[in-house]
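Summary of structural features
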Amino acid sequence: MEWNCVERYQVQGGLPLVGTVKVGGAKNSILPVLAAALLNESREEIRLQQVPALGDVRAMLSILRCLGARVDQEGEDLLLQTADVDCDHVPDALMREMRSSIFLMGPLLGRLGRVRISYPGGCAIGLRPINLHLEGLQQLGAVIEEKGGCIEARGRLRGGEVTLAYPSVGATENLMLAAVCARGSTVINNAACEPEIADLQNFLNMLGARVSGAGSPVIRIRGVRGLHGGSYRVFPDRIVAGTFLLAAVLTRGCVTVEEVIPEHFASLTKLLEEAGAEVERGAAAVTVRAAEPLRALSRVKTGPYPGFPTDLQPQLLAALTLADGSSTIIEHVFKGRFHHVPELRKMGARIELSGHRAVIRGVRRLSGAAVQATDLRAGAALTLAALAADGESTIAGIGHIERGYDGLPEALARLGGRISREKSVPEEVLSS
Ligand code: UD1
């Protein structure tokens, strides 16, 4: 990246956010759906409707192109032609750009009978092991070798019964994708129940797969000979919806998210009601109004769906910095996911960390500061805190935020937030 291309958000806090925002397709649905497209060996195209412009989507598309897929854009739609995919190796540099590319293993193995990727390793939110992915694939007949930071898997996959030790979202998706074109039937027990799994099932079935049970802990897949083309629009992003609702809470405003599935983020709206915010639910819209400070929440635990999502923990934690009283959040999914805490402290938040537990003592106001986004959701949390804080803040590292939010500052500005992108000269250039 050129030094003069580095951007950050500049925020003048203190205004309540008010208005309506439409929520686009879920990043965590689109990524596995793009991986699933690799299973279509026919010449028919797949059309994905209204795909948001996200950093992670761009990274996944680079990988698909490199594997031999043709990708065209038509307005907000993507057209994928995957008949000529024949490369079994995801290059290291592309793999490092997006950790979730691990779920390319399932479809590539299923299609080509072999795959080679580099080990994804850890990332800013902590160690992200892949043992469940590898063990599950072995149970479906893959022979896996790990050498020199590389994982090679081969074998003609056959159906089997896999019981996950933990309902991992990524491992569930990887195994579903591996099993779709395997010989025979597969059962995945203790599968993740996240809505994105059901979205993947719907997409696969639209292409001719035979998958059932997604959304429950038992998923059944009957292997088919091949998939065909089709057109699909993924579910709305429940984490983006939750982020906007928490922006309303932090700034004591009133925001409606539209084109959403309210049930998908019911764990958040329930907590917000418990904390005293007003919540109005429609068929495909939710409004949150928070005129007063939130009441503290004595114990919030993140967990697999339908539990409270780890991907909203940083944003909720930011909201609780301004609550009345002392709240506790226990992070059960990614135990090291607290990189937003030191940055929030720079804004005057009072937070104590011990292991995977954060105790947040509400303060009356936050003050603007120069902060750094270290990962996607931490960055979103800091952006919301900056909108609530007195004075000016800058948020660096916005590439992380734009991996998963399409036009966040523009949407927040339409709700009345004073936020803009500015170019900045990075520290290392200034000090050289
Ligand atoms: C997905 C989401 C991510 C979300 C997470 C939890 C995508 C692209 N990403 O990530 O946004 O935060 O679900 O809802 O959909 N684990 C193992 N071994 C494994 C796999 C996971 O021990 O082989 C552990 C992880 O360390 C973690 C937990 O399982 O503690 C949850 O991880 P998982 O559900 O797999 O998350 P991801 O699929 O990586």
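Rules used throughout
Residues numbered from 1 in each chain as written. Predicted model: local features only at pLDDT ≥ 70, side-chain atom pairs only at ≥ 80, totals over all residues. Heavy atoms only, no water. Core = buried A, V, L, I, M, F, W, Y, C linked by side-chain atoms within 4.5 Å. Buried < 20%, exposed > 50% of the residue type's maximum accessible area, 1.4 Å probe, protein only. Helix = DSSP H or I, 4+ residues; strand = E, 2+ residues; numbered from the N terminus. Contact = heavy atoms within 4.5 Å. Phe/Tyr/Trp six-rings, centres within 6.5 Å; stacked < 30°, edge-to-face > 60°. Salt bridge = Lys/Arg side-chain N within 4 Å of Asp/Glu carboxyl O. Near = heavy atom within 4 Å. Polar contact = N/O pair within 3.5 Å; in protein donor to acceptor, adjacent residues only side chain to side chain. Areas by Shrake-Rupley, 256 points an atom, 1.4 Å probe, with all protein chains shown as cover. Nonpolar A, V, L, I, M, F, W, Y, C, P; charged D, E, K, R; others polar.

Considerations on the nonpolar core
Note that soluble globular proteins tend to have their nonpolar side chains buried in a common cluster. By size, the foremost hydrophobic cluster in this structure holds 76 residues, and its most contacted members are L34, L48 and L204. Here this core gets seven residues from one element, more than from any other, and that element is helix α2 (residues 55-67). Excluding residues that lie within four positions of it along the chain, L34 makes contacts with L48, V57, M60, L61, L64, L78 and L80. Judged by nonpolar contacts, the second largest core, of 73 residues, contains A248, L271, L320 and L366.

What to know about the packing of aromatic side chains
This model, assessed by the stated rule, comprises one aromatic pair. Residues F203 and Y232 carry aromatic rings whose centres are separated by 5.5 Å and whose planes lie at 65° to one another, so their mutual orientation is edge-to-face. Here F203 is found in helix α7 (residues 195-206), whereas its partner Y232 is found in strand β13 (residues 230-232), with 29 residues between them in sequence. Residue F203 is classed as buried on the basis of its relative accessible area of 0%. Judged by relative accessible area, which is 11%, Y232 ranks as buried.

Describing the pattern of salt bridges
For the structure shown, the criterion picks out 22 salt bridges. Put simply, K147 and E145 hold a salt bridge, and the shortest N to O gap is 3.9 Å. The partly exposed category is assigned to E145, whose relative accessible area is 44%. Here R233 and E259 are joined by a salt bridge, their closest N and O atoms 3.7 Å apart. With R233 in the loop between β13 and α8 (238-250) and E259 in the loop between β14 (254-258) and α9 (266-274), this pair connects stretches of sequence that are 26 residues apart.

Comments concerning the site of the ligand
Taken together, the neighbourhood of the ligand is formed by 19 residues, with N131, S168, G170, D311 and V333 sitting nearest. Within the backbone of P129, a nitrogen or oxygen atom sits 3.3 Å from an oxygen atom of the ligand. G170 places a main-chain nitrogen or oxygen 2.7 Å from an oxygen atom of the ligand. Starting from 740 Å² of accessible surface for the ligand in isolation, the protein chains cover 86%. Within the residue set of the shell around the ligand, elements represented by two or more residues are α5 (131-139) and α6 (169-179). Element by element, the count of residues in the shell around the ligand is highest for α5, at three residues. Partitioning the shell around the ligand into residue classes produces eight nonpolar, seven polar and four charged.

Let's talk about unusual backbone geometry
Here the amide bond leading from Y305 into P306 is cis, since omega sits at 10°, within 30 degrees of zero. Backbone geometry places R252, a non-glycine residue, at a positive phi of 55°. Its place among the elements puts R252 in the loop between α8 and β14.

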